[in-house]
Every structure is written in C-alpha cells, then in structure tokens.
Amino acid sequence: MEKLLARSAGAAGGGQPEAVEGKKDDEGGFGAFLRRFSRPSHFNAFFRLVTIAVTTDEGWKEFSLLEQIHFITFLNDCFNSLENDMIREQVQHLIGLPIWECLLPERLDFELRHTGLKKKWQRLLKQDSKKTPGDLEEVKRRRWVMKHLLERFFHVLDGIPGDSEELVNAESVKYCEQFLDFIKDLESLLPTRRFLNTLLDDAHFVVRCMMSGLAQRSFTEGKLFTQLLDMLKFYTHFEINDLTGEAYSDQSFRELHYDRITSLQRAAFKHFPDLHSFALADVASVDTREHLISNFSPLSQEMLYTVAAHLHLVPARQSVEGWTPDPLYTRDFLLEMLIWRNERRLSQLDALNIMPLYPTEEILWDENLVPSDYTKGGILALPKLNLQYLTMHDYLLRNLNLFRLESTYEIRSDIEECIMRMKPWMVEDGSVAFGGWARMAQALVEFSVVEVASPELSAKAPRRVLADFSVQLNVRPDVKQEWENLRKHDVLFLVCVQPKNRVMPKSHRHRDKKVAFVEQYGIKYIRGCEIEGLLDQEGHVIEEGQEKPTFTGNARTFRVSLDTNQYHADYEHMRDQASDSEDIYASFNVVMRRKPKENNFKAVLETIRDLMNTHCVVPEWLHDIFLGYGDPGQGSFEHDLMHERHLRQLDFKDTFLNIRHLRACFKDYSIQCTTDDPKQQDAPYRLTFPAIGSDDRKLVVEPYRIPNRGPYPYNQPKLNTVPFTPTQTKAIISGMQPGLTMVVGPPGTGKTDVAVQIIANLYHNFPEQRTLIVTHSNQALNQMFEKIMVLDIEEHHMLRLGHGEEELETEKDFSRYGRVNFLLQQRLELLNEVQRLQESINVAGDFSYTCETASHFFLYQVVARWEAYMSKIKPSKLVMDIKSHFPFTKYFENAPQPVFKGKAYDEDLDIAEGCFRHIKKIFRQLDELRPLELLHRGRDRVNYLLAKEARIIAMTCTHAALRRTQLVKLGFKYDNVLMEEAGQILEVETFIPLMLQNPLDGHERLKRVILIGDHNQLPPVIKNMAFQKYSNMEQSLFTRFVRLGTPYIELDAQGRARPSLARLYSWRYKNLGDLPHVRLKPEFQIANPGLWFEYQLINVDDYNGVGESEPEPHFFQNLAEAEYVVATYMYMRLQGYPAEQISILTTYNGQKHLIRDVLQERCAKNPVFGLPSKVTTVDRFQGQQNEYILLSLVRTKNVGHLRDVRRLVVAMSRARLGLYIFGRVALFQNCFELAPAFNMLTQRPLRLQLFPQETFGAAKPRPVHINQPTDGPPFEILDMSQMCHYVAELYHKRTGPQPKRHGR
C-alpha cells in the first residue's frame, strides 16, 4: 500500500499522504485509512493505481499475492462505502452499463434486445467516437477492470489442485476467499449488481467456482470457500429484476423459470432432434437437476457446446480452419453450465420455512459461522448489514441469519459452561457418568418422543412433535423451584454427550484448549426444544395458572415440543444412511436451560419469519429510504413528496411558556399575532405556518384560552415548564408533521423532554390517533413514561407493556391488568359521583348502577337542566342569575368556595360552563368504560384496553419483537411511532415495531415515525466481535439513515454538565453549546470541595512492575488503577461527598469486578465509606448520569476498544460536576481518534491535585474559576501508593483506627 500511496501523491501533484498519527495502517478501519488523503485528487490517483495493480501483468509481477489480497480488501471497502462522494465517483465507472463491452458479442446483442437498453448503448458508442485516443483508452481500461479481475481470480483458482493429498498455497486460498467475498458483496447491492450480474453469468463465474479444485476440498482447505460460494449462489439468483430493482413475487419468479425452460424446449424441438423427448415433456417433469442430467448427459461434448452456443452462453462456432473451442468447455463443464442455468430452485420463502430455528452442533462450533475470536480479522461466511438492501425480503433474511447466529454464540457459551461443570466421563460399561453439577443443566433419566402429528396439506414436516423427558432434581430447593417454574415456550437444549475420557475431570475449569471442545467432551448432538409444561403424576400437563400438585420425591417429567423442520431433516438423514445409524432422539443424556432474559431468541426469529411470510407494507414515503435508495430526504415533511400531507396549522398547547419564548424560537419568521393586546398574548398558541416552498416567512400566532374545566384544583391543566430552545422547537414541529423525523440528541440536550412534548402535542391535536412509544431499555421507557404522567394527558389513555413497569417511580400501576383494575376502580368512583349528582338534583331512581343507566340519566336529566338553565341566564345577562339559577349548586358544595365570584357576568358564565364540562367529562369517561361492563373475563378486558382504549402505548423493542404475533391477531392499531435510544436498537428490532399492525385496505396506517438517538454514542451491544465488525450488526437503523444522508435535527444545547466538562465531548458535534442554567445555577459555579480541578486526567504507573493483566481472555484488569480509584472514592467520602452522588466507571468487565472486590474489602462494611451509587462499565452506564464520576481506563499496552470514539463520548459525558480519569497517559494521548479530548485533558497536571482544607457543604465554597485561593496551593499526590497512605492517615486523623492498606 505504501508504494502506491507514494506514487499516487506524486501523480496528484502533492506531498505524500501522512500516516495516521499513533496508528498502524490497518488500525482504526477504512475510515482512518481514508483520512490519509488530503485531497480527492490523491485518492483518485491511488484508486487508479490499485485497479492497474490488480488487473495487469506488471502489477502481479510487482506485488505479492498477500498485497493483492489487501488491494481486493480495499476495493471491497470502497464498494461498501458508496455514501462517500469521493469513492462513489471512482467506483461507478467500474460497474455501470459500459462493462457489458466485455460480454460475448452474441450475448451482448441478446441482452440489449431483451432489456430495452439498445438505444442507450448506441448513445454510449457515439460518445466514445468523440473522445480523444488517450481518453478513450482510459475509459476502456476502466470498463475492463472487472473482467480482468475475474480472469486474474480464475488464474489463481485454477492453480489450486483438487487432490486432497497435494499441498495448497495458503495465500492462494486466502486470495480466492477474499475475492469471493468481494463478489458476494457486489451482488448483494443493487447499484453494483445491476450490470455485473450479467457479466458474472457470461464468465460462468459460479460454475467455474463450483467445479474448481478448491471446491472439491470442501471439508478441508475449501470449507470457507464453499460456504461463501453458497452465499454467492443465493444472490446470483436473487428474486429481483436487476435493472429495475423490482422484487419478484413467488408467482412471477416461477413464471420466469417456466419461460426459460419452455424457450429451451422450443429451441430443442426446432434445432436438436436428440432432445425431442425433453422438448415434448411437461415442464414440471424435466426442470429438476436429476431430470436435466438424465436428458442432457447422453449428448456429446460437441452437441452440448452447440446447445450452449445457441443460448449465447459460449462463443459461436467459427468456420475458420483450425478453430477449436476453449479448453475450459469440457463436457462436464458444459453439462453443469446448462443444468445450473435451468434447474428448478427452491424459492427463498420455501427455503426459509423449512429452516430449523434452533442451532445444532454443526453450526454451534463452526468457526466460519460463529467464530470464537475475531481479533485478527479475516473473511467469514456471514451476511453483512450494508447501507442498502435488494428487497425487504433480503433485509429481513440477513437480519434473521445474523440474529440467529449471534444467539448461537451465546448459546454455545452457555452449553460449554454447563457441560464443563457437569464433568462427564465414560464408565467402563460404556455409559456416561457426571462428576459435577450445573445449576442450569440436568442429566436426563429418560427421553422419549410421545407424539408425531401428520403433516399439513402440501407440507413434508410433521405438524407437531412432542416429547417427554424425566430428571432427578436432587438439588437445592431454590434450584429445584427454578426448574419447576419453567414456563410454557421457555427454550431448552437437549445434548448428547459421549466423552472419550474414562477418568472423571478434576475440575470444571480443566480445559485443554489445544483440543476442540466438541472432541474433548464428546458433544455429539444438540437439539432445541420448547417447554409445553410440567407433567403431574397422572401424566397431564399442568397449565399456567393451574395450582401445582404436591410431588413426592425428586423425579420430575416435562413435556416439550421439538422443531418439526429439524425432526423431519434428522429422520430424512437417518433414512438415507445405513440401517444401523444411530437414533439421535434416543441418545440425549443432558438437558440445559438458560436465563429467561437471554432466552427469547426463538420468539424473535419466529417474528421475523412471520414478517417474511406476510406482505409487509412499509409506508410509501419510507419504503425507498428503508432499502437505501432514492432521495434520502423524501420522508421529511419539508420534501416535495410530502407537501400534500403537510399540516399548516397546529396547536402547540403548552410548548411555549409565553410570547417572548415563542419569538425567541422563531427568529427567522415574521411573527403576526392575531391580537395586539399584550394581556391576551399568553400561552397556549395555535400556529399557522407558511406553505412549504413559498418565500413567505410570516408565522400567524393565535393565542387562546384553555376552556374552564371545573372548580376543583385537579381540574387545572398540567403545563409544561421546559423552555425549549429553537432547535428543540424545530424537532417538536417536525415530530408533529407526518413523515419521518430524525433527532440527534447529544448528551444532556433534553431529547427525552422533546420526545414527551411531541407525544403530548400529538395526543391533543389528533384525538383519534394512537401513539406507540418504543425504547431499548426499561429504564429509558420508565423515565419517559414518568415525564408523560405529569403532563395534561388522561391516565386511562396510557398503557405500559412488558416487564419493568414495576420500576416506575409511582404508586400507580400502568401495566395491562393494572390499568384494567384502575379503570374498574375509576368506574366505581365515577358512578358514585353520578349518584351524588343525582341526589343533589333530587332525582329518584337507581341511575348510578351501570354506565348505561348513567348515560340515560345524563341525557334526560342533566342535559335538560343545563339547557333550561342557559335559556334563563343568557337573555338576562345578569351576574346574579348565574348563581341563583345554577342547577348543580349542591353538587359542587365540596369545591373551593365560593364557586362564583359574583363580579362579572362573563367570568361567572365561564365558571358555570367549566362546572358543566366537569360533569360532562364524568359521563364521557363512563361511556368509554362501558365495554368493560360487557366484558367479564380479565383477558378480554385487557385486550379491549390495548386494542381500543389506550392512546399512548409504551413498550421496549424486545417486547415488540416477542409479542408481534399476538398484537397483530388482536387487531392492534397505531398511527405514530416514537423511538427513543434509536441509536442503541438493532436494525431488525427497530423495524419490527413499525410492523405491529395489519395494513388498512392494503395501505400502511402509519403516519409518523420519530427516531430519537445519537449515532455518536455507543451502538447496540453485540457480544461477538465478528458479528459486530465483519457483519456490521452493531449498525442501528438510526445510524444507517444518518449515513445515507437522511435529514436530521441535531439538538445544540446541553444542560447536564459544567461547560468545561462538556468541552471534552462537544467537539464531536456540529455546534453543541450550553443552556444558561449550567452557568448560572450555584452548583455549577462552585469548585468540587477538596479537589483542585473539576476534571483531571491522573497518570497511573505500574504497581510492582505490573500494569494491565489478563487472567482470562479479554478479561482485563489493572490493580494499580483499581486501588487508586477506590482510594480517591474514600477520600471524597471523608470530605463529605454523599456516596449516591459518586459512580465508578471502567472500560472493561474485568476491572469492574476488581474494583468491586477492592470496595468490598475497603469500604463495604465501614459506614464512613459505604459503597458508591454504581460500579459498572461505560457501556452499561450509557443513558445515565451522576454528579461525580471516577473513570478507570485499564489498558497500558494497547488502547483497546476505547479507540472507538463513541465509547469515549459516553465516558466523558456521564458526569455533571466532576470527572476524574485514571489511566496510562502516554498510551492514550498518542491515539489519533482520542486526540481532541486528551489534548484538553493533558493541559492540566497529570498528578492528582487535592485541596483537603475544603469539605463538602462548606459555608463558603470556593468558586470554580478561582484556582489560587488564599489558604494555600493544592496538595499533589505522586502515585497510587501515596494516595492510599494519605487516605489511611486522613481516616485515622478524623475517625480513629485506620482502614486496611493496599497490597492485594
């Protein structure tokens, strides 16, 4: 690479690009590499040199095969970064229509005639004729790059022998794998496959790979190659029109196949007499691989060549003397070419529906699919989440496969842990014994299949497969209870263990890492199953809610349902094998369960598969954006396509505090208020905006009064108190308009307040619409729900689904059954009010018995009295008449008195109307509760509440994925979706909440999608590095939309941290400033007592010659930092800091556990210190904050995953008042990505500066900007040891006995 970099710099007329500071060329990814180019001309020259190096003889002579691999990787990175203008300009020349110049002349003519591109091709030839010879030569070189690349690949591939006994060049294999991955990625993107797919077919790329020597080594060196080839086969025949991008339905794709076969039959009948029987046969009887082989294999090589030439697959025969076909076209090759092109293939949907969802032993330990370690990178047989997708089916299928494999990685870890703990070994009689035990696994006493239901019509797999297994629960009572409490649909795994060792392992930690786990422990089979229930002593399933019988002894039997697709595949396999093959389902001897929170993968996979089997109607304004095509801004309300949906007038309720606040939020508009009287310009306001696209900047503001709601204090509306900034206001306006709204919320910018105000405004502006709130975590959902509760929204319209509702900081129950109970209680209270009203107006009868009788009472008694009352007071206009004739005086005797002021007619009339509104509301609410009287079962009431009554429904993305099927069946409907923490939600978990309802008359009901998140903070958590980096599974939909260029609103004022602390991360955002209160509030104006600086980076050297340590892989610890952090915490506690205001963060789980250990030893049992609010990792603390943060960076050899700037942003933005970072300064200050923050941190002393004269809560605190108080300079701590000694002495001085010193 360096050679070409130097040459490209010279060719571009500039100096050599600078290497990335403090980094190797391969560190930091493709983005870091691109930063080495100071100008686009540098990159253009480099890209040209790379394409020459990989396609010419000179390039292959100069650069080694390993360097060629790097070049192919570079090209693949370029094609996967088409959002970059500089890259797109270069790569588009390599994959456009002009590359068809490389096709066979006959094939080119055929394609141009059948695709309607002939005129465009002729224009292209005309343009070529006008170019200079030099320009034309460069243009043609670009057109032939892909063809020459294929030829170079074939040269390497053909050099690999198929004989398994011959040695293979490892670099040749790696090159072929890298190239196949490159082609696979090109085929999976519409812009790159559009014309390339035809070129690949013309070069017989797939067939040549299938018949290569490397493919014949599919169980050894060629395993990864064949897996990649299978993925490429899938995409080369993907069900899509390459030119238009239109997805084929199953029916249309089947018709294309039939058209291809029938055209072949017509040609065979007309030109090839030897194929007449084939030509006259029914299509369905000849289009399988077996039938095609039987029909074409009798033909000679010459005849097969003639048929292929007729189909434009090979060059036509030449009449020139001495002409012979290319040696490539052997008889076997020609036969495979014809069959591959014409055989019937299982449709993508059919293949999906017969796929087992549980992982088996073949997948669990396949390192190409589920790698254990991806620190060194490399190619894997995994799908990738790109910017663009071919179709919705492609999008969902990639996500399904990745979600399944990522779950497989976690399942494998659980299985390995359980089996090692159980310590299996082989007894002399050949049986398996277990020398240990595992909480999550049990040895099977018996396992038997008890029911295999016959398949449904046209299906092959059984409709249902049930089995029973028995275990002896000779375990602790709490563990036994966990097994007995297994719920229906909980997933278990059945394992067949046949260990080879005849000696019991000494320890469950005894693991020979040189031997594969499967071999060492004898893992033979693994199958998943789902709990149906625990069986009682009569063998009946104990249903949920049914009282459990009293069992005698420890034997328990469970019934489970097996995966029918897997069961069918297993027995098909056993049938095809010898008659003495082992019965898989008679060999299981271990059953394993998993933690409920980690065991919902099957439900999510079934949800995705259900989505793929239904017609997913994505709103038309969102469809193209979702797939990554078209104008990325077409979903915005300001786009031309959304003009018809644009709402010019909106009621902003309590969004604006007053007219000054409104004017400050619309400085770019000319404000025209409908009244000039300042007294009448108070909030709330209705705003009328100018039409989209017009030059008019006039904003019409209409103040209005909220109608009087009644005389009671609780009748007063709950008003917003947040003074929204202009940018926040813009986000609120966008969220109220139909379409897609994207809000980027940097730390502390009030994105939750914006979300809540959008929800409240939608609630009041569109009473008939329902809004779905989705977040990643229960904590974020509860925070938002608690803020919604204090707004002017009726309680019975709010519903919180899923677990975590109990963590809401309120006595009210917003769960489904909690809401039903609340509404039933509210019904009784309202009926009591009806009775009180009835008595107050002296009406006889029992009208307060039901909602229906109350409705009659209102209509015939209450309304009649009100109308009579109004007819009396309106003509007279006398203030005294309002009170004297008021019919409900007695009812309102319990309201604050006097109800009527008696000063002005209009004032008292307004009060009277407010009283009647209060009464009307009682009966309106009773009408809404009336269905609950008719529905008697709790479940029916819950379903009614969810489907009809609730207007604001909140759930996590996981709950949406788990419950989609039930919600759709229930008829769940909603109009708006608002997602908080959208940057932390997996792609597919963002998509599923958009699909929780059936289309309305073929159209999607969804009107608004509001995504609020921050792509500059941490992405979704993916435990396996391969899925995270190689497959890009950590990319959220929010981040992908940002990368595509979808317009977003970035909030620009933070109100969390001191301005000086905010500067440590504000550089990552466009224009992040501070809200006034972080400068004006007293807490931000005073220094942190006892600490010289409000933030500081403290250098930590090795302790006893040791810096970071790694007792287990990726389990990093640093004892010196742990001791230093804990000592600092103890010092702060001695200075009077409350423990709940201090959190300790670290970047690694290993360090988290070490710090907790040190805290347990030093502080836990000492009331002077106690434990801090939290000790956790930076990743886990995202979305949270505290006053003071102590941060341990851990690493001393490599920067590690803090190199990810998103993690740095989270780490720097958790503290409000004080941030103290402990780490190896020399390591982190040289890291290019971290430079902006660490340049600021290193401007201050790198040793901890204390000011022990101050204590927390002192009468005269030191102002934060005064660094040299009169009572002396700071006390500098040299190192960790001194800090520990100092804290011990300070403790002894203030309290007496000293705590334990360090020295672990």
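To start, this report covers the structure provided alongside it. (Residues numbered from 1 in each chain as written. Predicted model: local features only at pLDDT ≥ 70, side-chain atom pairs only at ≥ 80, totals over all residues. Heavy atoms only, no water.)

**So, the overall build of the protein chain**
- Helix and strand counts for the protein chain stand at 50 helices and 30 strands.
- The C-alpha radius of gyration of the protein chain comes to 36 Å, within 12% of the 34 Å expected for a compact globule of 1304 residues.
- Dimensions of the protein chain along its principal axes, counting C-alpha atoms only, are 120 × 85 × 80 Å.
- Here the protein chain, with 1304 residues, has 55% of them falling under the buried criterion.
- For the protein chain, restricting intrachain contacts to residue pairs at least 6 apart in sequence, the fraction spanning at least 24 positions comes to 75%.
- Accessible surface computed for the protein chain: about 58400 Å², of which carbon and sulfur atoms make up 50%.
- Of the charged side chains in the protein chain, 160 are positive and 171 negative, and the gap between their average positions amounts to 4 Å. (Helix = DSSP H or I, 4+ residues; strand = E, 2+ residues; numbered from the N terminus. Rg over C-alpha atoms; globule rule 2.2 N^0.38 Å. Buried < 20%, exposed > 50% of the residue type's maximum accessible area, 1.4 Å probe, protein only. Contact = heavy atoms within 4.5 Å. Areas by Shrake-Rupley, 256 points an atom, 1.4 Å probe, with all protein chains shown as cover. Lys, Arg positive; Asp, Glu negative; His and termini not counted. Charge placed at Lys NZ, Arg CZ, Asp CG, Glu CD.)

**Section: the nonpolar core**
- Formed by 247 residues in total, the largest nonpolar core has its most connected members in Phe 205, Phe 296, Phe 888 and Phe 923.
- Top contributing element to this core by residue count: helix α23 (residues 392–422), with 15 residues.
- Ignoring sequence-local partners within four residues, the contact set of Phe 296 consists of Leu 264, Leu 275, Phe 278, Leu 304, Val 307, Leu 335 and Leu 338.
- Ranked by size, the runner-up nonpolar core spans 46 residues in total, among them Phe 666, Ile 671, Met 736 and Ala 760. (Core = buried A, V, L, I, M, F, W, Y, C linked by side-chain atoms within 4.5 Å.)

**A few points about the sheet that holds strand β13 (residues 739–744)**
- In space, the seven strands of this open sheet follow the order β15-β16-β14-β17-β18-β13-β19, with parallel pairing throughout. Pairing within the sheet leaves two strands with one partner each, and these edge strands are β15 (798–800) and β19 (1049–1050).
- Where β15 meets strand β16 (residues 952–956), three bridges bridge the pair, whose relative direction is parallel. In the sheet register, Leu 799 faces β16, and the bridge partner there is Ile 953. (Pairing = 2+ DSSP bridges.)

**Here's the deal with a positive patch on the surface**
- Taken together, the side chains of Arg 487, Arg 816, Arg 939 and Arg 963 define a basic patch exposed on the protein surface.
- Mapped onto the secondary structure, Arg 816 falls in helix α33 (residues 816–840).
- For Arg 816, a relative accessible area of 38% corresponds to the partly exposed category. (Patch = residues over 30% accessible without salt bridge, like charges linked within 9 Å, V, L, I, M, F, W, Y side chains within 5 Å. Salt bridge = Lys/Arg side-chain N within 4 Å of Asp/Glu carboxyl O.)

**Brief notes about the side chain of Gln 566**
- On the secondary structure map, Gln 566 appears in helix α26 (residues 564–576).
- Every residue in contact with Gln 566, bar those within four places of it in the chain, is listed here: Pro 356, Tyr 358, Thr 360, Arg 527 and Tyr 585.

**Digging into the sheet that holds strand β10 (residues 670–673)**
- Strand order in the open sheet formed by four strands is β9-β11-β12-β10, and the pairing between neighbours is mixed. Two strands in the sheet have a free side with no partner beyond their single neighbour: β9 (649–651) and β10. The mean inter-strand angle of the sheet, taken between neighbouring strand axes irrespective of direction, is 25 degrees.
- Relative to strand β11 (residues 685–688), β9 runs antiparallel, the two being bridged by three bridges. Each bridged residue has a counterpart across the sheet, and for Leu 650 the counterpart in β11 is Leu 687. (Axes fitted to C-alpha atoms, helices over the stretch in contact; angles between N-to-C directions.)

**Here's the deal with the environment of Arg 559**
- Here Arg 559 shows up in strand β7 (residues 555–562).
- With relative accessibility at 19%, the residue Arg 559 sits in the buried group.
- Considered as a pair, Arg 559 and Val 449 are 110 residues apart in the sequence and their alpha carbons are 9.5 Å apart.
- Excluding residues that lie within four positions of it along the chain, Arg 559 makes contacts with Val 450, Leu 466, Ala 467, Asp 468, Glu 530, Ile 531, Glu 532, Gly 533, Leu 535, Gly 539 and Val 541.

**A look at the packing of helix α30 (residues 726–736) against helix α31 (residues 751–765)**
- Contact geometry of α30 with α31 gives a least axis separation of 9 Å together with a crossing angle of 40 degrees. Between α30 and α31, the interaxial angle falls into the category oblique. The two elements α30 and α31 meet at a crossing, and its hand is right-handed. Each of Gln 728, Ala 731, Ile 732, Gly 735 and Met 736 in α30 lies in contact with α31, whose residues at this interface are Val 754, Gln 757, Ile 758, Asn 761, Leu 762 and Asn 765.
- The class makeup of the residues in the contact of α30 with α31 is six nonpolar, five polar and no charged. (Parallel < 35°, antiparallel > 145°, perpendicular 65-115°, else oblique. Left-handed = near helix turned anticlockwise from the far one by under 90°. Nonpolar A, V, L, I, M, F, W, Y, C, P; charged D, E, K, R; others polar.)

**Side note on unusual backbone geometry**
- The step from Ala 683 to Pro 684 runs through a cis peptide bond, and the omega angle for that step is 10 degrees.
- Residue placement: Pro 684 occurs in the loop between β10 and β11.
- Of the consecutive residues Gln 897 and Pro 898, the connecting peptide bond is found in the cis state with omega at -5 degrees.
- Examined against the element boundaries, Pro 898 turns out to sit in the loop between α35 (879–884) and α36 (905–934).
- Backbone geometry at Lys 423 places phi at a positive 50 degrees, although glycine is not the residue there.
- Among the structural elements, Lys 423 can be located in the loop between α23 and β1 (424–426).
- One non-glycine residue, Asn 842, lies in the positive phi region at around 55 degrees.
- Turning to its location among the elements, Asn 842 is positioned in the loop between α33 and α34 (851–876).

**What about helix α3 (residues 40–53)?**
- Under the 1.5 Å per step criterion, the end-to-end length of α3 is 20 Å for 14 residues, consistent within 8% with the ideal 20 Å.
- What α3 keeps buried is the set His 42, Phe 43, Ala 45, Phe 46, Phe 47, Leu 49, Val 50, Thr 51 and Ala 53. (Expected span 1.5 Å × (residues − 1).)

**Regarding helix α7 (residues 105–115)**
- Among the residues of α7, Arg 107, Leu 108, Glu 111 and Leu 112 are the ones counted as buried. Each buried residue of α7 sits inside an arc of 130 degrees when the element is viewed along its axis, so together they form one side. Turned more than 90 degrees away from the buried face of α7 sit Pro 105 and His 114, all of them exposed.
- Packing partners of the buried residues in α7 comprise α8 (118–129), α12 (190–202) and α20 (331–342). (Arc of directions from axis to C-beta.)

**Re the packing of aromatic side chains**
- One pass over the structure, following the stated rule, counts 73 aromatic pairs.
- Taking 5.5 Å as the distance between ring centres and 75 degrees as the angle between the ring planes, the aromatic pair formed by Trp 60 and Tyr 175 counts as edge-to-face. Highlighted residues: Trp 60 in helix α4 (residues 57–62) and Tyr 175 in helix α11 (residues 170–187), separated in sequence by 115 residues.
- The exposure class of Trp 60 is buried, given its relative accessible area of 19%.
- Judged by its relative accessible area of 1%, Tyr 175 falls in the buried class.
- For the pair Phe 1116 and Tyr 1148, a centre-to-centre distance of 5.0 Å together with 65 degrees between the ring planes defines the contact as edge-to-face. (Phe/Tyr/Trp six-rings, centres within 6.5 Å; stacked < 30°, edge-to-face > 60°.)

**Some points on the pairing of β10**
- Where burial is concerned, the two faces of β10 differ: the one with Ile 671 and Cys 673 is buried and the one with Ser 670 and Gln 672 is not.
- By the bridge criterion, four bridges tie β10 to strand β12 (residues 698–703) in an arrangement that is parallel. Opposite Ile 671, over in β12, you have Leu 699 as the bridge partner.

**A short note on empty space enclosed by the protein**
- Under the definition given, this model contains five cavities of 30 Å³ or more.
- The calculated volume of the largest cavity comes to roughly 100 Å³.
- What lines the largest cavity is Lys 653, Asp 654, Pro 684, Ile 706, Arg 709, Pro 717, Lys 718, Leu 719, Ala 760, His 764, Leu 791 and Asp 792.
- Taken together, the residues of the lining of the largest cavity sort by class into six nonpolar, one polar and five charged. (1 Å grid on protein atoms, 1.4 Å probe; cavity = no way out; pocket = protein on both sides within 12 Å on 5 of 7 lines; lining within 4 Å. Points joined across faces, edges and corners; volume = space filled by probe spheres on them.)

**Looking at the environment of Leu 1134**
- For Leu 1134, the location among the structural elements is in helix α45 (residues 1119–1134).
- By relative accessible area, which is 11% here, Leu 1134 ends up buried.
- Non-local contacts of Leu 1134, meaning those with residues more than four positions away in its chain, are made with Val 1168, Phe 1169, Val 1287, Leu 1290, Tyr 1291 and Arg 1294.

**So, the pairing of strand β28 (residues 1215–1223)**
- Burial runs high along β28: nine of the nine residues are buried.
- In this sheet, β28 lies alongside strand β22 (residues 1095–1099) in parallel orientation, the contact comprising five bridges. From the neighbouring strand, Asn 1099 faces β28, where its bridge partner is Gly 1223.
- Two elements, strand β27 (residues 1186–1192) and β28, share six bridges in a ladder whose sense is parallel. Directly across from Tyr 1188, in β28, lies its bridge partner Gly 1218.

**Quick look at the packing of α11 against helix α15 (residues 223–236)**
- Orientation of α11 relative to α15, taken along the N-to-C sense of each, is 20 degrees, at an axis distance of 9 Å. Comparing their axes, α15 and α11 come out roughly parallel. Once α11 is placed against α15, the crossing between them reads as left-handed. Residues Cys 176, Glu 177, Leu 180, Asp 181, Ile 183, Lys 184 and Glu 187 of α11 form the contact with α15, whose participating residues are Leu 224, Phe 225, Leu 228, Leu 229, Met 231, Leu 232, Tyr 235 and Thr 236.
- When grouped by side-chain class, the residues that make up the contact of α11 with α15 number 10 nonpolar, one polar and four charged.

By themselves these figures say nothing about function.
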